[in-house]
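# Chain and residue survey
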Amino acid sequence: MQLLSRGGDIIATGVNRVTDSCDPTAHAEVMAIRNACQSLGTHDLTGCTLYTSCEPCPMCLGAIYWAHLDAVYYAANRVDAADVDFDDAFIYKEVPLLPEKRSLPFRHLPLTNATAPFKLWARHTDKITY
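What you see is a predicted model, and the numbers here were worked out from it, not measured in a lab.

### So, the sheet that holds strand S4 (residues 71-76)
The strands that make up a sheet pair up through hydrogen bonds in the backbone, lying either parallel or antiparallel. Read from one edge of the open sheet, four strands run S2-S1-S3-S4, paired in mixed fashion. In the strand order of this sheet, the two ends are held by strand S2 (9-14) and S4, each with one partner. Across the sheet, the mean angle from the axis of one strand to that of its neighbour is 20°, orientation sign disregarded. Of the strand pairs in this sheet, strand S3 (residues 48-54) and S4 are connected by five bridges, and their pairing is parallel. Of the residues in S4, the one forming a bridge with Cys54 is Ala76. Here helix H2 (residues 28-40) sits on the sheet and contacts strand S1 (2-6), S2 and S3; the angle it forms with S2, its principal contact strand, is near 130°.

Written out as structure tokens, the structure is:
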């Protein structure tokens, strides 16, 4: 179980729901972040701390940074996780590679209007940044 706290109060908890929800993104850290955001009514968890049973995987690490958490405390590390086949070392190795060098094919489609959604977003004056 993961705990998210702010100011010493538990804001939310999360448990791994990958298999029972058929959702590969439903790691306990992500569930705690989702629950905290719902509880607080915001996407920004500045001021919150995550306490987790294991060092977060790369996906959860990304979610933690997007949520703007202040700190993460974990018990087991990624080596401990690998010892029981929760090994995400290959993902850590893939992330810094150029897309065309990754083991999963990534193909850039350089469309002429590919940046149109970003340009439209940039023009909005009432946007909520994250």
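### Remarks on the pairing of S1
By the bridge criterion, five bridges tie S1 to S2 in an arrangement that is antiparallel. By the bridge assignment, Arg6 is partnered in S2 with Asp9. Between S1 and S2, which pair antiparallel and follow one another directly, the connecting turn spans two residues, one of which, Gly7, has a positive phi of 60°. Pairing geometry for S1 and S3, over four bridges, is antiparallel. Each residue of the ladder has a partner; that of Arg6, found in S3, is Cys48.

### Topic: the UniProt feature "domain: CMP/dCMP-type deaminase" (unreviewed entry) in the protein chain
Under the feature "domain: CMP/dCMP-type deaminase" (unreviewed entry), the UniProt entry names residues 1-105. Counted over residues 1-105, helix gives 36% and strand 23%. Its end C-alpha atoms are 34 Å apart.

### Considerations on H2
End to end, H2 covers 18 Å across 13 residues, agreeing with the expected 18 Å (1.5 Å per residue, within 8%). Every buried residue of H2 is listed here: Ala28, Glu29, Val30, Met31, Ala32, Ile33, Ala36 and Cys37. Elements in contact with the buried residues of H2: S1, S2, S3 and helix H3 (58-67). Looking one or two residues past H2, Gly41 carries a phi angle of roughly 70°, positive in sign.

Definitions and cut-offs
Residues numbered from 1 in each chain as written. Predicted model: local features only at pLDDT ≥ 70, side-chain atom pairs only at ≥ 80, totals over all residues. Heavy atoms only, no water. Pairing = 2+ DSSP bridges. Helix = DSSP H or I, 4+ residues; strand = E, 2+ residues; numbered from the N terminus. Axes fitted to C-alpha atoms, helices over the stretch in contact; angles between N-to-C directions. Contact = heavy atoms within 4.5 Å. UniProt positions renumbered as here; feature names shortened; annotations may be inferred. Expected span 1.5 Å × (residues − 1). Buried < 20%, exposed > 50% of the residue type's maximum accessible area, 1.4 Å probe, protein only.

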